[in-house]
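# A structural walkthrough
Take a look at the letters that make up each chain.
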Amino acid sequence: MAFRLTPHERGFYPLFTRAAENIVVAADELAKLVAAEPAARPEIARRVKDAENAGDELTHEIMVKLNKVFVTPFDREDIYRLASSLDDVCDAIEEAADRIVLYRLGPLPAGVDSQVDVLQRAAARTAQAMPGLEKMSQLQEYWIDVNSLENEADEVYHRVLAGILSPAEPITDPAAVLEAIKLKEVVDTLEDAADAFETVANTVESIAVKEA
């Protein structure tokens, strides 16, 4: 890590860690929602929304600190990018939960639980890595792991999407067509969440390279 002559504000590090830990909460609640009966989903979705609100508050706290602090631990632009990308993950998870409830979906297709499982693992790995920002330690393993998880998420996404758009039996019922459209939006949003995790990892990689 580059040597600094001027002391800098270290309060950003715990905020990034808390933001990542909050994403773990959101992803775990999403997994519960996907596994639940439709009648139980609205209450779980509210808990996902609570996590998303907590994420917004942490993002706001980071931005306020960024505007007040004179010397930052790394580039202001990178702090903004990291905070925003962590928030984007939480937003995508909440959006998926919201759509499942809003669209009143019944049993979800095989593979959606696999998508969420990848998100849970990416969330856990991100939360594990965030404390390493302070010393820029063992972060290369983190972004490699998350990039690998994003590749896995792509494979699952394409498999689930194929099942929705190219079922064994042709879809002729208009209601079934509408259901397929709704399901596609949900799995698209889950894929957006996986992509957002990769954006977080890529941002961390960029920071680490600059600070090396």
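This text gives an overview of the structure that appears in the document. (Residues numbered from 1 in each chain as written. Predicted model: local features only at pLDDT ≥ 70, side-chain atom pairs only at ≥ 80, totals over all residues. Heavy atoms only, no water.)

### What about the pattern of salt bridges?
Pairing is possible between side chains that carry opposite charge, provided their charged atoms lie close to one another. Stated precisely, the cut-off is as follows: Note on definitions: salt bridges are taken to be side-chain nitrogens of Lys or Arg within 4 Å of carboxyl oxygens of Asp or Glu. Under the scheme used here, helices are H or I runs from DSSP no shorter than 4 residues and strands are E runs no shorter than 2 residues, and both carry numbers assigned from the N terminus. When a residue's accessible area, from a 1.4 Å probe over protein chains only, is under 20% of the maximum for its type it is buried; when over 50% it is exposed; and in between it is partly exposed.
A full pass over the atoms with the stated rule returns 13 salt bridges. We note a salt bridge from E185 to R99, for which the minimum N-O separation is 3.5 Å. With E185 in helix 6 (residues 174-211) and R99 in helix 3 (residues 76-102), this pair connects stretches of sequence that are 86 residues apart. Accessibility expressed as a relative area gives 27% for E185, which makes it partly exposed. Where salt bridges share partners, they join D75, D78, R81 and K210 into one cluster.

### Notes on the packing of aromatic side chains
Quick note on the threshold: Geometry of aromatic contacts follows a simple scheme: Phe, Tyr and Trp rings, the Trp one being its six-membered ring, pair when their centres are within 6.5 Å, and the pair is stacked under 30 degrees between planes, edge-to-face over 60, tilted otherwise.
Counted under the stated rule, the structure contains one aromatic pair. Both rings, one in F16 and one in F74, keep their centres 6.3 Å apart while their planes meet at 15°; by these two values the pair is stacked. Taken together, the residues span a long stretch of sequence, with F16 in helix 1 (residues 12-35) and F74 in the loop between helix 2 (41-68) and helix 3 at a distance of 58 residues. F74 matches F16 in its accessibility class, with the two residues each being buried.

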